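For reference, the chains in residue letters:
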Amino acid sequence: MLVQHQAARPQWLPIAAIGAVWIAAAFFAQAAPFSIDELIYLSMVDAFVRNLSLFVENGYAAYRAEALTIELLVPSGDRLAPQYPGGWGVFGAPAYLVGGARGVVVFNAILAALVLPLIWRIAWILFADRA
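The present account deals with the structure reproduced in this document. All values reported here derive from a predicted model rather than from experimental measurement.

## Focus: the packing of aromatic side chains
Then, number 1: Using the criterion set out here, one finds four aromatic pairs in the structure.
Then, number 2: Between Y41 and W88, the aromatic rings sit 6.2 Å apart at their centres with planes inclined by 85°, giving edge-to-face as the arrangement. Pair noted here: Y41 is in helix α3 (residues 36-51) and W88 is in helix α5 (residues 87-127), with a separation of 47 residues, a long-range link.
Then, number 3: Note on W88 and F107: the rings are 5.6 Å apart at their centroids and 25° apart in plane angle, and the pair reads as stacked.
Then, number 4: A relative accessible area of 22% means that F107 is categorised as partly exposed.
Then, number 5: Members of the aromatic cluster, each reached through a chain of ring pairs, are Y41, Y84, W88 and F107.

## Examining the packing of α3 against α5
Then, number 1: For the pair α3 and α5, the least separation of the axes is 8 Å and the interaxial angle reads 100°. For the element pair α3 / α5, the angle class is roughly perpendicular. Mapping the contact onto sequence places Y41, L42, M44, V45, D46, F48 and V49 in α3 and W88, G89, V90, G92, A93, Y96, L97, A101 and V104 in α5.
Then, number 2: Among the residues forming the contact of α3 with α5, the class breakdown is 13 nonpolar, two polar and one charged.

## Here's the deal with the nonpolar core
Then, number 1: In terms of nonpolar packing, the biggest core is built from 13 residues, with I40, M44, L73, Y84, W88 and V104 touching the most fellow members.
Then, number 2: With four residues, the top contributor of residues to this core is α3.
Then, number 3: Excluding residues that lie within four positions of it along the chain, I40 makes contacts with I70, E71, L72, L73, P82 and Y84.

So, how was this worked out
Residues numbered from 1 in each chain as written. Predicted model: local features only at pLDDT ≥ 70, side-chain atom pairs only at ≥ 80, totals over all residues. Heavy atoms only, no water. Phe/Tyr/Trp six-rings, centres within 6.5 Å; stacked < 30°, edge-to-face > 60°. Helix = DSSP H or I, 4+ residues; strand = E, 2+ residues; numbered from the N terminus. Buried < 20%, exposed > 50% of the residue type's maximum accessible area, 1.4 Å probe, protein only. Axes fitted to C-alpha atoms, helices over the stretch in contact; angles between N-to-C directions. Parallel < 35°, antiparallel > 145°, perpendicular 65-115°, else oblique. Contact = heavy atoms within 4.5 Å. Nonpolar A, V, L, I, M, F, W, Y, C, P; charged D, E, K, R; others polar. Core = buried A, V, L, I, M, F, W, Y, C linked by side-chain atoms within 4.5 Å.

In structure tokens, the structure reads:
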């Protein structure tokens, strides 16, 4: 088993390089929502930063207009709840406070880069084979 771990170590360099490229690219990426999912995630973070709320505020409470129930937001009483776990608003809040939408993009890139070695390690434990 020790031989397998020593043979596998050089593979960390490409994984680290990919992660570094992702993080660097995040600084040049679009700092605004590109899809409805990104809009919802950014709205979740904004709602938590502005109101310490897990519900998205867009005027639905005042007007109850069907047009304000954006896809992926579920009416819950007089508020709109994202269909995604609300914890993301809490975790993304510090990045949003530091860098706005770009801060959230960079935060996502850092998290994605941190997941790379974890996925590689899980695959190596399961299969112990580069192929």
